[in-house]
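Architecture and fold: a report
Now for the letters of each chain:
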Amino acid sequence: MAAAVSGGLVGALLTRGLMRVIMIVADGDRSFTWSGSAFIALFYVLFLVPGAVALAWSRARWPLVVFGAGAIAIPVQAIGIATTDLEGLGPFTAGQWAGLAASFVAMAAVYVLQAAFAYRVATSGRRDRQGEPSATFVGAGGRETLG
């Protein structure tokens, strides 16, 4: 749960800042509401919770599918909103396109970092059957620990 909350809040803060940059570059409406920002944070957290809980609970592969689905749903939804917000603007100059492209790349990087951070936090508390922290690095066979 902490993984989803911390990852969602940090991701929302960073992407909201990038959304502002995108609207400045595109000469769009620069005003954002607190309720909109809170909804983005809530959305991010809600989409990360099932996968983060599953990752913390199980070492099987299925939690990766659940986590991946939630992590991918966030940028897919963001693309839809960005398309809607930007369709009424433009045409864009070459400089604006360059700024928008750089901003979109930065936004994608934030989504990757958000997912990686939430994954890391969700899997950090795993314990083995004897109650010891589980080994992170294993050998090629998956049985012997390295370090």
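The rules we used
Residues numbered from 1 in each chain as written. Predicted model: local features only at pLDDT ≥ 70, side-chain atom pairs only at ≥ 80, totals over all residues. Heavy atoms only, no water. 1 Å grid on protein atoms, 1.4 Å probe; cavity = no way out; pocket = protein on both sides within 12 Å on 5 of 7 lines; lining within 4 Å. Points joined across faces, edges and corners; volume = space filled by probe spheres on them. Helix = DSSP H or I, 4+ residues; strand = E, 2+ residues; numbered from the N terminus. Nonpolar A, V, L, I, M, F, W, Y, C, P; charged D, E, K, R; others polar. Phe/Tyr/Trp six-rings, centres within 6.5 Å; stacked < 30°, edge-to-face > 60°. Buried < 20%, exposed > 50% of the residue type's maximum accessible area, 1.4 Å probe, protein only. Polar contact = N/O pair within 3.5 Å; in protein donor to acceptor, adjacent residues only side chain to side chain. Expected span 1.5 Å × (residues − 1). Contact = heavy atoms within 4.5 Å. Bend = angle between axes of the 7 residues up to and from the residue.

**Thoughts on the layout of surface pockets**
Considered as a void within the structure, the largest pocket measures approximately 580 Å³ in volume. Lining the largest pocket are 24 residues, with Met19, Ala78, Ile81, Ala82 and Met107 positioned closest to its centre. Counting residues per element, the ones that place at least two in the lining of the largest pocket are helix H1 (2–25), helix H2 (34–57), helix H3 (62–86) and helix H4 (94–123). At nine residues, the largest contribution of residues to the lining of the largest pocket is made by H3. When grouped by side-chain class, the residues that make up the lining of the largest pocket number 18 nonpolar, three polar and three charged.

**With respect to the packing of aromatic side chains**
Under the counting rule described, the total for this entry stands at seven aromatic pairs. Where Phe92 meets Trp97, the ring centres are 5.3 Å apart and the plane angle is 90 degrees; that geometry is what we call edge-to-face. Classification of Phe92 as buried rests on a relative accessible area of 16%. Ring pairing ties together the aromatic residues Phe39, Phe43, Tyr44, Phe47 and Tyr111, which thus form one cluster.

**Thoughts on the side chain of Thr123**
Mapped onto the fold, Thr123 is located in helix H4. Under the relative-accessibility criterion, Thr123 is labelled buried at 16%. Among the polar contacts made by the side chain of Thr123, one reaches the main-chain carbonyl oxygen of Arg120 at a distance of 3.5 Å.

**With respect to H3**
Counted at 1.5 Å a residue, the expected span for H3 with its 25 residues is 36 Å, and the 37 Å between its end C-alpha atoms agrees. Among all positions in H3, only Pro63, Phe67, Gly70, Ala71, Ile74, Ala78 and Leu86 are buried. Buried residues along H3 sit in contact with H1, H2 and H4.

**Some thoughts on H2**
Taking 1.5 Å per residue, 24 residues should reach 34 Å; H2 reaches 34 Å between its end C-alpha atoms and fits that length. The sharpest bend along H2 measures roughly 40 degrees and falls at Val49, with the proline Pro50 sitting one to four residues further on. Burial in H2 covers these residues: Ile40, Ala41, Phe43, Tyr44, Val45, Leu48, Val49, Gly51, Ala52, Ala54 and Leu55. As for H2, its buried residues are in contact with H1, H3 and H4.

**Section: the environment of Leu42**
Counting through the fold element by element, Leu42 comes out in helix H2. On the accessibility criterion, Leu42 (47% relative accessible area) is partly exposed. Placed 30 residues apart in sequence, Leu42 and Ala12 show a C-alpha to C-alpha distance of 8.7 Å.

Any functional reading would require information that these geometric values do not contain.
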